[in-house]
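Spelled out from the first residue to the last, the chains are:
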Amino acid sequence: MKTKLSTILFLCIASVSFSQSKIDKTLKKLNKESVDYIHVTALDSTTGPILLDAREKAEYEVSHLKDAIWVGYDTFQLDSVVQKVQNKDSEIVVYCSIGVRSENIGEKLEKAGYTNVKNLYGGIFEWKNEGLPVYDTIGNETERVHAFNKYWGKLLKTGEKVY
């Protein structure tokens, strides 16, 4: 029994470590680190940042971080953000699936004069992989996460994948 429990615990830790390693490698390959990162644990212990979801509307509607404002990616409109976040010194955290699209949106916000923009490292996938809650459009906690596609979905290790 002890051996089985140890094996299960090892596999759980290994799968989270593996997914983190894959996310790390992917972000190093695709991002320029032009927008400062905030890690899931730091964001979870922070109160008050404005959360901007830089995924597509269909992804956001499946689930998102609590109180996140959808800004989109392909349809992103800076004017819309300026109307919602008028104080350019506000603490803003942008996220997407793993942190690639959100870096691009973060760059646009910084270029527009926002001074305190962070990119959520690992995005909503890492948030959910760490066992933190996500919410549907009516505010109920859900296990569902839009996994973008089967390729990117491999990085989401917990929750119910939706395509």
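Further up the page is the structure itself.
An account of the accompanying structure is given in this report. Everything numeric here is computed off the predicted structure, so don't read it as measured data. (Residues numbered from 1 in each chain as written. Predicted model: local features only at pLDDT ≥ 70, side-chain atom pairs only at ≥ 80, totals over all residues. Heavy atoms only, no water.)

## What to know about helix α5 (residues 101–111)
Each turn of an α-helix holds 3.6 residues, which means side chains three or four residues apart point in the same direction.
No. 1: When we look at burial in α5, the residues that qualify are Arg101, Ser102, Glu103, Ile105, Gly106 and Leu109.
No. 2: Immediately downstream of α5, the backbone of Gly113 shows phi near 105 degrees, a positive value. (Buried < 20%, exposed > 50% of the residue type's maximum accessible area, 1.4 Å probe, protein only. Helix = DSSP H or I, 4+ residues; strand = E, 2+ residues; numbered from the N terminus.)

## Observations regarding the pairing of strand β2 (residues 50–53)
No. 1: As judged from the 4 bridges shared by β2 and strand β4 (residues 92–95), these two strands associate in the parallel manner. Its bridge partner being in β4, Leu51 is matched across the sheet by Val93.
No. 2: Summarising the sheet, β2 and strand β3 (residues 69–70) pair through 2 bridges and their orientation is parallel. In the sheet register, Asp53 faces β3, and the bridge partner there is Trp70.
No. 3: Viewed along the sheet, the connection from β2 through helix α3 (residues 57–62) into β3 turns out right-handed. (Pairing = 2+ DSSP bridges. Right-handed = clockwise from strand over helix to strand, strands pointing away.)

## Regarding the side chain of His146
No. 1: You can see His146 is positioned in strand β8 (residues 144–146).
No. 2: Residue classification places His146 among the buried residues on the basis of a relative accessible area of 11%.
No. 3: Those residues in contact with His146 that lie beyond four places of it in its chain are Arg55, Ala58, Glu59, Val62, Ser63, Phe125, Val162 and Tyr163. (Contact = heavy atoms within 4.5 Å.)

## Let's talk about the environment of Gln86
No. 1: By the secondary structure assignment, Gln86 is in the loop between α4 (78–84) and β4.
No. 2: Between the C-alpha atom of Gln86 and that of Tyr114, which follows or precedes it by 28 residues, the distance is 9.5 Å.

## Observations concerning the sheet that holds β3
No. 1: The 5 strands lie next to each other as β1-β5-β4-β2-β3, forming an open sheet whose pairing is parallel. Each edge of the open sheet carries a strand with a single partner, namely β1 (37–38) and β3.
No. 2: Contacts from α5 reach β2, β4 and β5 (117–120), with the element oriented near 145 degrees to β4. (Axes fitted to C-alpha atoms, helices over the stretch in contact; angles between N-to-C directions.)

## Brief notes about a positive patch on the surface
No. 1: Side chains of Lys22, Lys25, Lys154, Lys157 and Lys161 sit close together on the surface and give a patch of like positive charge.
No. 2: Along the polypeptide, Lys157 turns up in the loop between α7 (150–153) and β9 (160–162).
No. 3: On the accessibility criterion, Lys157 (35% relative accessible area) is partly exposed. (Patch = residues over 30% accessible without salt bridge, like charges linked within 9 Å, V, L, I, M, F, W, Y side chains within 5 Å. Areas by Shrake-Rupley, 256 points an atom, 1.4 Å probe, with all protein chains shown as cover. Salt bridge = Lys/Arg side-chain N within 4 Å of Asp/Glu carboxyl O. Lys, Arg positive; Asp, Glu negative; His and termini not counted. Charge placed at Lys NZ, Arg CZ, Asp CG, Glu CD.)

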